Amino acid sequence: MLKIGDIQLKMPVLQSAISGYSDVVMRRLARQFGVELTFSPVMLDKSVAYRKFWKKPAFCLADDEKPIGGQIVGADPQTMAAAAKVLVEKGFDLVDLNFACPAPKVLRRGRGGEMMRNSKLALEIFQRVRSAVQVPVTLKLRTSYYENDSEREHFWQICAGAISGGVDALIVHGRAVEQRYRGKADWEVLAQVKQRFNDTVILGSGDLFKADDVADEMRLSGVDGVVIARGAIGNPWIFRELTELFNGDEPTPPPSVTEVGQVLLQHFNMVADLYPEHKAVVYFRKFSANYCRRHPKRKKVLLALMACKTAEQVRGEIERWFFNFENN
Ligand SMILES: Cc1cc2nc3c(=O)[nH]c(=O)nc-3n(C[C@H](O)[C@H](O)[C@H](O)COP(=O)(O)O)c2cc1C
């Protein structure tokens, strides 16, 4: 059982915010496989106030997606607080503040990961948002700005300040901002965070690609739960494995090629319903690439799917490689 503010979850595993991926389709699939709380991709504070923004397929929100966390990024406390209010009006059940994004275009504007070396501004933003909304507020953090730990003090200040200001959970990706996605996530720091702030809900993030990784890191670090990002792309089965693990159920064998094909097709059809055809075909390629990892003829299938230019071709290749695969 995991409790974030008034949100109660049976399994301590959430699907992370993943820019360019965690749209309504990926979130619905994750839910179908057992995850109870998912996050929107990061949204710019200034944009969420515009009606047109919510019509963009990447930011669509379905009525049945409950509970759901909305994540915002920005550098102005007032605009962040206004954006948080819009998220609540739109139906989000939790507001997550992105103080972690390492993308150069985000950092250049003093947003995201820049907060990891500007704890004063980070806490000002948090306080404004905290007072603006009644729903749970969480922070997405990295463990420092620089790889050499010299700036870890900002991290501790943000954690301590947010906790005394009533944060509902800290979501910590065990890497420095400068590191982006290089090297390994540092779960030792996660253990230290949990030791220091034992009464706060701490969620860990980083390099969880299998159910066993989750079990090991949770046990070793003592965190209350985890968020999964890359391990869930083209792999909603990870949430089935985790549900079984936490329920103590006998694990279902890995999906057959046909089952992978069925989910792949379902995913593509949902994407094709949401986006214009060309956009859907191109956008879907990055998901296909991960689904193909489970196919014995991965490279051939990948090439075939990447070459598709129309929705009909995508469906045809899925049929050929996943449903009639013995003949290929
Ligand atoms: C393509 C990509 C997009 C991401 N977008 C976001 C985002 O919008 N918000 C966020 O907080 N983290 C984002 N992250 C970071 C992940 O949520 C996660 O913390 C990180 O990838 C480590 O977890 P993983 O090893 O499970 O991927 C992104 C990561 C990737 C690879």
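What counts and what doesn't
Residues numbered from 1 in each chain as written. Predicted model: local features only at pLDDT ≥ 70, side-chain atom pairs only at ≥ 80, totals over all residues. Buried ≥ 20, exposed ≤ 12 C-beta atoms within 10 Å, placed from the backbone. Helix = DSSP H or I, 4+ residues; strand = E, 2+ residues; numbered from the N terminus. Pairing = 2+ DSSP bridges. Right-handed = clockwise from strand over helix to strand, strands pointing away. Domains from an automatic or database assignment. Contact = placed C-beta atoms within 7 Å. Nonpolar A, V, L, I, M, F, W, Y, C, P; charged D, E, K, R; others polar. Arc of directions from axis to C-beta. Near = placed C-beta within 6 Å. Core = buried A, V, L, I, M, F, W, Y, C linked by C-beta atoms within 7 Å. Expected span 1.5 Å × (residues − 1).

Q: I'd love a proper account of the pairing of strand 6 (residues 68–73), names of residues and values included.
A: Extensive coverage of strand 6 is indicated by the burial of six of its six residues. Residues I68, G70 and I72 of strand 6 are buried on one face, and the alternating residues G69, Q71 and V73, pointing to the opposite face, are buried as well. In terms of strand pairing, strand 5 (residues 43–44) meets strand 6 through two bridges, oriented parallel. Bridge pairing in strand 6 links L44 to V73. The handedness of the strand 6 to strand 7 (residues 94–99) crossover, carried by helix 2 (residues 77–90), is right-handed.

Q: Which residues make up the domain arrangement of the chain, and what values go with them?
A: Taken domain by domain, the chain consists of domain 1 (2–247) and domain 2 (257–327). Distance between the C-alpha centres of domain 1 and domain 2: 30 Å. If you look at the interface, domain 1 gives eight residues, while domain 2 gives ten residues. Its residues placed into classes, the side of domain 1 that touches domain 2 shows six nonpolar, two polar and no charged.

Q: Can you explain helix 6 (residues 187–196)? Please cite residues and give values.
A: Among the residues of helix 6, those classed as buried are W187, V189, L190 and V193. For helix 6, the buried positions fall inside an angular range of 145° around the axis, keeping them on one side. In helix 6, the exposed positions angled more than 90 degrees off the buried face are occupied by E188 and Q195. Where the residues of helix 6 are buried, they touch strand 8 (137–144), helix 5 (152–164), strand 9 (169–176), strand 10 (202–205) and helix 7 (211–221).

Q: Talk me through the site of the ligand; I want residue IDs and the actual numbers.
A: Every one of the 20 residues lining the ligand counts as a neighbour, but A17, S19, V42, A229 and R230 are closest to it. Taken together, the residues of the shell around the ligand break down into eight nonpolar, nine polar and three charged.

Q: Would you mind going over the nonpolar core in detail, with residue names and values included?
A: I72, L141 and L170 are the most contacted members of the largest nonpolar core, which totals 97 residues. The residue makeup of this core includes at least three contributed by each of domain 1 (2–247) and domain 2 (257–327). For L141, the residues in contact, after removing those within four places along its chain, are F99, A100, M116, F155, I158, L170, I171 and V172.

Q: Help me get a handle on unusual backbone geometry, residues and values and all.
A: In the segment running from K66 into P67, the intervening peptide bond is cis, with an omega of -10°. Counting through the fold element by element, P67 comes out in the loop between strand 5 and strand 6. One non-glycine residue, R180, adopts positive backbone phi at about 50°. Mapping R180 onto the fold places it in the loop between strand 9 and helix 6. Residue class for R180 comes out partly exposed when judged on the 14 C-beta atoms lying within 10 Å of it. The phi dihedral of D207 is positive, around 65°, even though this residue is not glycine. Turning to its location among the elements, D207 is positioned in the loop between strand 10 and helix 7. Taking the number of C-beta atoms within 10 Å as the measure of exposure, D207 has 20 and is therefore buried.

Q: How would you explain the pairing of strand 11 (residues 225–228) if you had to name every residue and give the values?
A: The alternating pattern of strand 11 places G225 and V227 and V226 and I228 on opposite faces, both of which are buried. One ladder, built from three bridges, connects strand 3 (residues 13–15) with strand 11; its direction is parallel. Note that in strand 11 the partner of V13 across the bridge is V226. Each parallel crossover has a hand, and for strand 10 linked through helix 7 to strand 11 it is right-handed.

Q: Summarise helix 4 (residues 119–132); cite the residues concerned and give the values.
A: Along its 14 residues, helix 4 runs 20 Å from first to last C-alpha, staying within 8% of the 20 Å computed at 1.5 Å per residue. Taken residue by residue, helix 4 has S119, A122, L123, I125, F126, V129 and R130 as its buried positions. The arc that holds the buried residues of helix 4, viewed along the axis, is 160°, so those residues lie on one side.

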